[in-house]
Every structure is written in structure tokens, then in C-alpha cells.
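Chain by chain, the residues run as shown.
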Amino acid sequence: MSTKEKSSNSKDKGKKKSGKKDQLHLQLFSIHGLIRGENLELGRDADTGGQTKYVVELTKALGELPKVRQVDLFTRLVDDKRVSSDYKQEIEPLGEKSRIVRIRCGGKRYIRKELLWPHLSEFVDNVVRFNKKENITPDLLHGHYADAGYVARQLSKLLGIPYVFTGHSLGRSKKHSLSSKGMSEKQMVEKFNINERIQAEEDVLRTAAHVVVSTRHEIENQYSLYENGDKAQFTVIPPGIDVEKFYPYYYDHDSNFNKPEPYIQAREKMNGEFARFYYNKDKPLILTICRPDRRKNIQGLITAYGENKELQAIANLAVFAGIRKDIDNLDENEKEVLTEMLLLMDKYDLYGKMALPKKHNPTTEVPELFRIAANTQGVFVNSAFNEPFGITLIEAASAGVPIVGPDDGGPNDIVKNCKNGILVDTTDTKALGNAIKSILIDEEKWREYSNNGVNGVRKHYAWTAHAESFLDKVDSVIGDSKKSTVAHGVTEAPGWRFTEFDKMLITDIDDTLVGDDKALKEFIKIIEKNRDKVGFGVATGRSLELVEEILKEKKIPTPDVIISSVGTEIYYGTNLKNLSSDSGWEAHISYQWKPERIKEVLSEFDFLTPQKRDGERNFKISYNMEPNNDNLALIHQHLTENKLRYQLIYSHGAYLDILPQRASKGRAIKYLGNKWGIAPDHILVSGDSGNDYEMLYGKRLAVVVGNHSPEIESLRGNRLVYFADSNYAAGIIEGIRHYRFLEI
Ligand code: GLC
Ligand code: MG
């Protein structure tokens, strides 16, 4: 048994390619804010709110499903005295099959989400490394909010694993609302990095396998603002509700039930509140809770109650319309609604029967209000004209209160699923009053609706239900790495190969790999024979276009990785037509790179001639220069005096390359080794000239071909640098033999 298990594990990766797996490994990403398994600090700051709760609940619920082998929720590791030390724990188990994994990026301090953008590539790289270390090949990625959407997209592109996205809130909507408040574009960019966010969202809409939303309303009113809004595959799944918070009213009647203290206090407080309004506070309660917004049609409900004497005799009305101190200080819309409410209360003389409390606590008092209503055998009413979702109806149902709501959108689904109340045309106040009354006077009906609500919510609207329908909806994209890579415009995931081998051979091109066609042929044979064990890469001064040219000309198989323009660019791919660049590397080397200033400073030297053929790339400026040590010193002196950060590489006694401080062929290889988890002594590099110098010098296995330039003679004598006698590709082969690196 155990051997069988082992062998099926080691085949895991191979199995992945061939299609469906019986059990899934899911990885969720929610980067900002403070996330932990218990006692979330909701509302502590703008980044620690509903989303953090959502992702923790979702992760736990997914981890409970039999179809799931493991769920990881990745978030940022924060090691900062100002916050709890919980957030610096690398791994925090949530359940048997679920955990939080904290990943470093952008230092240790807790910083607000808008400042994380420059560090997201680091997050991506560290996730790749984590997965390689743990030998994980996830089946599906799920990014939450634009920042994690970006991360999931990058990972998806690298690994060819499909990803889904949940926005939680969107940049374009935020931009609209900020500009209506008078904020300028410039301020929005400075404060919120708003355009970067919007761009990330646009890219995600184009490439995610699914975009999960809570309501249709989100698609129609928010995603419709996006250029790529029509390219996305939307999936509506309402968030799960916290059924423990909205536990049924009858638990309170059970002497074994330990009612949490905050709810005990909330109950007392609300009872005291009602005592201020009602003659008889034991009557059934007609309850509504909503924002004081005209479209919520509170006026309709008060009218329905006011017009219906019978209803007034049977039940009390309680309207919780937001939280207020002084109506005069509210904004126009709210002021109008509340004033009208008071006028109607007066008009129908509802004193002693109607409560209009000024405030309530949403976390503890709202669930308790539902239970009070249920306890009196009351009804919860949402009298809005229309309601896309209707979360309060679900919460009320969960606590055991029958509902009356508008015959529209969300409520339609709720009543269809739960059969727990009556939907009416809420503009018809008579119908509204009658619907409420019909439930209040029929005890049997009341009980049926109450029970149906409690059970229905647990079946359809708890997190387990959400997780189940999530898996159901995304099932069709799982195991289909093709789909995701096609969405990204890549034929095969570049990183795919990198998860399979643990050795790399990386060679310079000019005067190392090429120069002797016969030896090259032999070299190609060796590579092809070992292709499943070793990654093959080139590292060259040439730009990508010139690499492609020579690969075609010499019929060299497409490398797994191309490090071009002296290490400033990294490309992956199996097909030259469809390469993808490593954006993590670009982000890393762009640090303090000021090409315009460098060109300006160097323009005064007439011993430098800008190269014509391949002079400039994003991260490389190249000149031709006669060998002259004094001139080299002069260049260094000038650049340093101007406080410029750079890397200077002189080769072949002819070429001068200026690169970003962090870039070079050697550093690019080091980065690749780290990112894909390949140890330095599993990497063989070969070269011939000065621009190979620092890639040959280090912990890797290095081979210098016989025909090398004198510039690198000084490497001789290093234990890990082998000087071959043979020239060109024959020299590399000699090196492979020397290190017994591959089977020949
Ligand atoms: C290649 C590049 C050139 C560079 C040289 C040395 O020939 O085309 O721009 O200066 O390599 O790195
Ligand atoms: Mg060379």
C-alpha cells in the first residue's frame, strides 16, 4: 500500500498533464491586510475587512470538501512590532487540509495595500520557490482583489495552471466615486496607485478562467466599466454567511446552549431600546434593517403598517435605518428619507407601536435583533423596490425569521431555495401589509417558513454550500492547462518544464556554442538525449531577435530559457513564436536604473561609439570601444561621480555594455536557480569571453572553451572552472564529461 502511494505521488506531475485528478490542490491568494485563522481584526484598518473574512471562511470550507486534497491561502508575511506576532508565522494550519502560508515581499513592515505593487513580483517568485520546495503542483489558483489577481495571473502564465479571480472591489468604481468627491487623477495615482490597479484588473479579465462575483449587479454595474468586461467568464456565487453568528433563535431556549456573552449584552440593550418605544413589547415584531436610502422604500413599509389597523393591533414595527446622531447632519438623500419616516409615523399616529432606534451594533446586535423578531414570532421585511442580492433576508432566515421581500433578483432565488416567505410587489402597500399579516396570523405557516429558512440557508448559503458550488463551477477548467495558457497567448506554459528537471546547462552562444558546426551537431544530440533530465538555456550578449536568428540558422533546438542582452532579459518557451518574458526579473533589475542619465553622462566621451546593430534595449546600453584601461577608469569615475548605479561589462576587446546594477548573465542565472529551486552545483555554464566572466565565476560548474579570449585567463586555477582544451561546442562536451554532468 505505502509503496503504491509513493509511486502515485511521484507521478503526480505527469498525471496532471494528462487530465483530471481525483483530488485537488487549490491555492488562494489574498495578499494585503492582516489575516489569521481566528479573531480577525476586522475593521482595524482599511485593508482588514470583509475580504479577509471571506478568504479565511472560503479556505476553511474548501478544505472540508472530500474532493479537495489541500488548500493553501497565501498572504503576506508581516513581521512588525506594531501588529500581533501571529502574522509572522510562516505556516498556520486552519483545518486538517487547509492552512495559511505567509510569504515575504517588500520587507517586513506592515504597509498599506497600495504600496505593495512594486513588490508583487517578489511575492510571485517566493510562491514558486515555496511550491518547488514542498513539491506542490497546484491544480487551480484563485486571486482575491487586484493585487492577488496580478500574482495569480503571473503564476498561471508561468506554470500553465488556470486561475480564477474575485475582485471584492474594483478600481474603476473607486475612481468614479473619488472623482465625484472631487479628488484629482493625480491624487488618486499618488495615494492609491489607482491606474496600476485598474490595469491589473483589465489584464485579469482577459485571462482568468472564471471571475467569481457575489451578485449579477456587480457584473452589470461594476465590471461593465472595464474594456475587457465582456471577455470575462463570470460566475455568480453568493458569499457564504456566518451561520454561527446568525444561529437560530431556538438555541437560546436550550439550557445546554452557552450563549456568547456579547449576544447576551446585545439582547439586554435591544430590549431596553424597545421599552422606550412600545406599549407592549411582547407583540410579534415586524422588523426591517437597511440603509436610509430612498430605494429601500422604508416609506412603503411604514405606510403599509399605518394603513392596516389590524396589523397594528397584532404587531409592532421596528425600523433600523442606519446609525445617526443628528438627522440635520446627514446627507440630503438620508435626511429626506428619515424625515419622511418621522412624518409618516406621526401621520398614522404610530406612537407606542413603532420603534426608530438611532443606532445599533452590526456585529452583535443585528443577529440578536433577528432572534428577537423570531422569538416574538415576527417577520423580517425588506421592502426595497428591487434587491440584487438581499443579504439581510438570508441572515434573517438563518436566525429563523420568516421573510417578506420584493419579487425581484436575489429574493427570488432565496425564496426559491428556502421556501421561507412571501414576495410581493413592494410598491403596492396593501399587498405588502397583507403578506406580512398572512404570516403573522397563521402559526403553522410561520413555523414552516421559520424552519425552512434555518435549514435552507445552511444548505444553500453557508460557506460549505458556497465552496461546493465554487468547485462545481470551476471544475471544467481544472486539469486543462491548455485553456489557461491559451488565454495568456502562450502555447505552452514556460515554467512547466522547470518544475520537472533539477539540472540546467546554460551556455554562451557566440564563440562558445557556435563556431564549429560539427561539434555543435554532436552537442545537440547530447542535449536531445537528456532533455527530460536537464533544462537547456543560452545566455548571451545578443538581443532576442539576434538569438532567434542564430538558433534558426544553426538549427539549434529552442532552449527552455533564453537569457539575452547580457542578462537583462529572460524568456521562457518551447516555441520561438511564443516566448514569454520573466516579469519578476524585469521588476528586480529596474531598481535604480536611469538609462537617460547614463547616456547623457557618457555622451561626452568621444572614444565611445554607440553600437548601431544592437545598441539599446530597455536595460542595456552598448558602445564600441578600443581596449584602453585608462578610458575604462574614466567611465567608472564619471558614472560614480554622478551617483549612477550600473554594471559595466567589457568584452572581446571591443564591446562595452552598461547594465542595471542588479543585472548580468551570472545574476540572471542565480535568479533562475533560486526561483525554480535548482542548486548551483546542478547548473553547468560555459563561455569564452569577458561578458561570461561573472557567470563562470562562482558556485556553479563552469567550463571555459579552448578558444577563449585572454580577458578571462584570470579564472584559471579556480576549482569550479574547467578550462577545456577543445574549442567551441567540443569544449562544452569536454566539460560535461569532466563533471560527469550528463550521459554522453
Ligand atoms: C552582442 C550584442 C552586443 C553586446 C555584445 C557583448 O554582440 O549584440 O550589443 O555589446 O554582445 O556583450
Ligand atoms: Mg561569446
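Up top is the structure.
Residues numbered from 1 in each chain as written. Chains lettered and ligands numbered in written order. Predicted model: local features only at pLDDT ≥ 70, side-chain atom pairs only at ≥ 80, totals over all residues. Heavy atoms only, no water.

J.: Help me out: how do you make sense of the overall build of the chain in this one?
T.: The helix and strand tally for the chain stands at 29 helices and 27 strands. C-alpha extents for the chain along the principal axes are approximately 105 × 70 × 45 Å. For the chain, buried positions account for 57% of its 744 residues. Taking contacts inside the chain between residues at least 6 apart in sequence as the whole, the part at least 24 apart equals 69%. In the chain, the 106 positive side-chain charges and the 107 negative ones have mean positions that sit 2 Å from each other. (Helix = DSSP H or I, 4+ residues; strand = E, 2+ residues; numbered from the N terminus. Buried < 20%, exposed > 50% of the residue type's maximum accessible area, 1.4 Å probe, protein only. Contact = heavy atoms within 4.5 Å. Lys, Arg positive; Asp, Glu negative; His and termini not counted. Charge placed at Lys NZ, Arg CZ, Asp CG, Glu CD.)

J.: Explain unusual backbone geometry to me, please; I cannot follow it from the model alone.
T.: Trans is the prevailing form of peptide bonds, just as negative phi is the prevailing case for residues other than glycine. Positioned with a positive phi, Q377 is a non-glycine residue whose angle comes to about 60°. Within the fold, Q377 resides in the loop between helix 14 (365-375) and strand 12 (379-381). Even without being glycine, Y728 reaches a positive phi, approximately 50°. Residue placement: Y728 occurs in helix 29 (residues 728-739). Relative accessible area serves as the criterion here: at 22%, Y728 is assigned to the partly exposed category.

J.: In this structure, what is going on with the packing of aromatic side chains? I would like to understand it.
T.: Per the stated rule, a full pass over the model turns up 21 aromatic pairs. Ring centres of F29 and F74 lie 5.0 Å apart, and the angle between their planes is 10°; this geometry places the pair in the stacked category. Of this pair, F29 sits in strand 1 (residues 24-29) while F74 sits in strand 2 (residues 68-76); the two residues are 45 residues apart in sequence, bridging distant segments of the chain. The exposure class assigned to F29 is buried, which follows from its relative accessible area of 0%. According to the relative accessible area criterion, F74 is buried, its value standing at 0%. Counting every residue linked through ring pairs, the aromatic cluster contains Y247, Y249, Y250, Y251, F257, Y263 and W446. (Phe/Tyr/Trp six-rings, centres within 6.5 Å; stacked < 30°, edge-to-face > 60°.)

J.: Help me out: how do you make sense of the pattern of salt bridges in this one?
T.: When the charged atoms of two side chains lie near each other, side chains of opposite charge can form a pair. Taken as a whole, this structure holds 51 salt bridges when the rule is applied. The salt bridge involving E185 is made with K175; its shortest N-O contact spans 3.3 Å. Of this pair, E185 sits in helix 7 (residues 185-192) while K175 sits in helix 6 (residues 171-180), placing them 10 residues apart in sequence. The shortest N-O distance in the salt bridge between R371 and E368 comes to 2.8 Å. Residue R371 and its partner E368 are located together in helix 14, separated by three residues, close to a single helical turn. Taken individually, R371 and E368 each receive the classification buried, so the pair is uniform in this respect. Here the salt bridges share partners, and the residues they tie into one network are R36, E41, R44, D45 and D86. (Salt bridge = Lys/Arg side-chain N within 4 Å of Asp/Glu carboxyl O.)

J.: Teacher, can you tell me more about the sheet that holds strand 11 (residues 354-355) here?
T.: Neighbouring strands of a sheet are bound in pairs by backbone hydrogen bonds; such pairs are parallel or else antiparallel. In spatial order, the strands read 11-10-9-12-13-14; together these six strands make up an open sheet with parallel pairing. Looking at the sheet topology across the chains shown, the edges are occupied by strand 11 and strand 14 (421-424). In this structure, strand 10 (residues 316-321) lies alongside strand 11, joined through two bridges in parallel fashion. Pairing of A318 across the sheet is with A355, part of strand 11. (Pairing = 2+ DSSP bridges.)

J.: How should the site of ligand 1 be read in this particular structure?
T.: As a matter of local geometry, ligand 1 sits amid G541, R542, V566, Q611, D614, K620, S622, S651, Y655, D657 and N691. Within the side chain of Q611, a nitrogen or oxygen atom sits 2.6 Å from an oxygen atom of ligand 1. Look at ligand 1: alone it shows 310 Å² of surface, and the protein chains cover 92% of it. Taken domain by domain, the shell around ligand 1 gets at least three of its residues from each of domain 3 (494-588 + 664-744) and domain 4 (592-661). (Near = heavy atom within 4 Å. Polar contact = N/O pair within 3.5 Å; in protein donor to acceptor, adjacent residues only side chain to side chain. Areas by Shrake-Rupley, 256 points an atom, 1.4 Å probe, with all protein chains shown as cover. Domains from an automatic or database assignment.)

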